[in-house]
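Below, each chain spelled out in residue letters.
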Amino acid sequence: MRLVTAIIKPFKLDDVKAALEAVGVQGMTVSEVQGFGRQRGHTEVYRGAEYTVDFVPKIRVEVLVDEADAAGVVDAIVSAAHSGAIGDGKVWTVLVDEVVRVRTGERGPDAL
Amino acid sequence: MPAIDSGDTGWVLVCTALVLLMTPGLAFFYAGMVRAKSVLSMLMQNYVCIAVVSVVWVVLGYTIAFGSDVGGGLLGGFRFTGMAHMAEPVPGYELSIPPLLFAFFQLMFAILTTALISGAMADRVRFGAFVVFAGLWSLLVYAPLAHWAFSPSGWMVQSGMLDFAGGYVVEINCGAAALAVAIVVGRRHGWPREAMPPHSLPLTLLGAGLLWFGWFGFNAGSALKADGLAVQALVNTHMAGVGGLLAWIATERIRNGVATTLGAASGAVAGLVAITPACGYLDTLPALLLGVLAGAGCVLAVQLKYRFGYDDSLDVVGVHYVGGVIGILFLGFFATSGVNPAVAHEGLVYGGGFGQLGRQAVGVVAATAFSFLATYLIARAVNAVIPLRVSDEDEDTGLDQALHSESAYDFGSVRSMGRIG
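Just so it is clear, the model here is predicted, and its values are computed rather than measured. (Residues numbered from 1 in each chain as written. Chains lettered and ligands numbered in written order. Predicted model: local features only at pLDDT ≥ 70, side-chain atom pairs only at ≥ 80, totals over all residues. Heavy atoms only, no water.)

Colleague: Quick rundown of the overall build of chain A? Include the residues and the values.
Modeller: If you tally the helices and strands in chain A, you get 2 helices and 6 strands. Reading the secondary structure of chain A in the N-to-C direction produces β-α-β-β-β-β-α-β. Whereas a compact globule of 112 residues would reach a radius of gyration of roughly 13 Å, chain A reaches 17 Å, over 25% beyond that. Projecting the C-alpha coordinates of chain A onto the three principal axes gives extents of approximately 60 × 30 × 20 Å. For chain A, buried positions account for 37% of its 112 residues. In chain A, the share of contacts with a sequence separation of at least 24, taken over all contacts with a separation of at least 6, comes to 71%. If you average the places of the 13 positive and of the 17 negative side-chain charges in chain A, the two averages end up 5 Å apart. (Helix = DSSP H or I, 4+ residues; strand = E, 2+ residues; numbered from the N terminus. Rg over C-alpha atoms; globule rule 2.2 N^0.38 Å. Buried < 20%, exposed > 50% of the residue type's maximum accessible area, 1.4 Å probe, protein only. Contact = heavy atoms within 4.5 Å. Lys, Arg positive; Asp, Glu negative; His and termini not counted. Charge placed at Lys NZ, Arg CZ, Asp CG, Glu CD.)

Rendered as structure tokens:
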């Protein structure tokens, strides 16, 4: 099993969600996060004093998938989140040893 | 004493309520500019001024400001202590409104002026110490200066210095006091290296709107009659606010490349500040010009604190002191008896020479020196008994939780909040 984590532009969330549903993903966790990569922040001005804001708002999407589905899910996210502009984000996966569904106690791939 | 006029009385009653509303307006103007963790403390400092200054004014402040002069135009006597003898005329005035109404109209000015100082020491002052400071300040600084520049027997009025609605008494006074308290209290931790941007500009814009609305009562009400002069003062007030708004955002657009909402609100207030002493002595177009000068002047002046290193957090000096000085000096150029027969010496552009400008400037020095020194001494004295500054830990936590056990905003996040009492 793998945990797929994607950092995407906030306005791409609906596209990514639709793409994940299209490849059969049945659940996901989404959080509002902030950070920066090659795309830096912006400037704000208050009474003539200029401030730099380094962290930009992003969305983090997390999906648990079976090993066999991981590559397809990553591809689906990348194509849905792509705009070609700097700051499109990143997608990565890590191995997961155990997953338990809280309601039923099912373990492993059955819990996905 | 002239007969009571119902129109004049009705108008000044309404203006009294309008000026009261300026203090909540100021509270929100300021509260939007502080950080989210100290919003309530800023609102509270302003609202508590309404209460504390009212008590002080009724007991002693009014009689010191407007009682019969006890010598040299410096202080009023004690005849009106506790609002006694309100059937007697106000010394020096020919009013067609009840003296008690005059006393309460003037109270609203004392409240607002005291509340204005809070902006210089945002996010770091203990509530109890502020309450004591506010009460003492309204009695020992506001009331005497009101006597000097508002009471007809005050030495500034006697010397021919013009201040229609509070350039010396309100704006220069609160600005000089703000500088003094900013120095006594010291900088916020992290200032100016750390960014401390406004947490809610919508609140600030709402507050600025309420101030603008209330300012009609402040300035036009200072005519103390419902007459043509009140109308001219209202028109001038509005046009100066307009000029200030436009000039500030235009200057910002040139300097920083953007026109900001905070700039629009600040510019309007700067224009309104500058017109306060001048609204009853100017024609309409000079009032617009004054607003423009104030808007452009104050947007540059608010940068000075970074150069000099004093943390006047919400720019009381840069907007109120500088705007007040601009308005006071402007009278040396544009005051005219054509608008108000009380103008004894025409301004420079009306052929009056430099005399009035010189008088106005002497007043700036006197009001600044008195307000700054007296405020500095009061703040140091209060600080010696009840420290003005909160602990480092409380400043870091935020004054809302540390001083008032409340939070301004609850977005229903995970807080595990349960009832224990």
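Colleague: Provide a residue-level description of the pairing of strand E5 (residues 56-65) of chain A, including the pertinent values.
Modeller: Along a regular strand, successive side chains alternate from one face of the sheet to the other. All names here are of chain A. Here strand E1 (residues 2-8) runs beside E5; their pairing, made up of 7 bridges, is antiparallel. Note that in E5 the partner of Ala6 across the bridge is Val61. Pairing between strand E2 (residues 29-35) and E5: 7 bridges, direction antiparallel. Directly across from Gln34, in E5, lies its bridge partner Pro57. (Pairing = 2+ DSSP bridges.)

Colleague: How would you explain the environment of Ala31(B) if you had to name every residue and give the values?
Modeller: All names here are of chain B. Structurally, the position occupied by Ala31 is in helix H1 (residues 6-31). Looking at Ala31, the relative accessible area reads 0%, which means it is buried. Taking C-alpha positions, Ala31 is 8.5 Å from Pro198, a pair spaced 167 residues apart along the chain. Sequence-distant contacts of Ala31, that is, excluding residues within four places in its chain, are made with Val39, Met42, Leu43 and His199.

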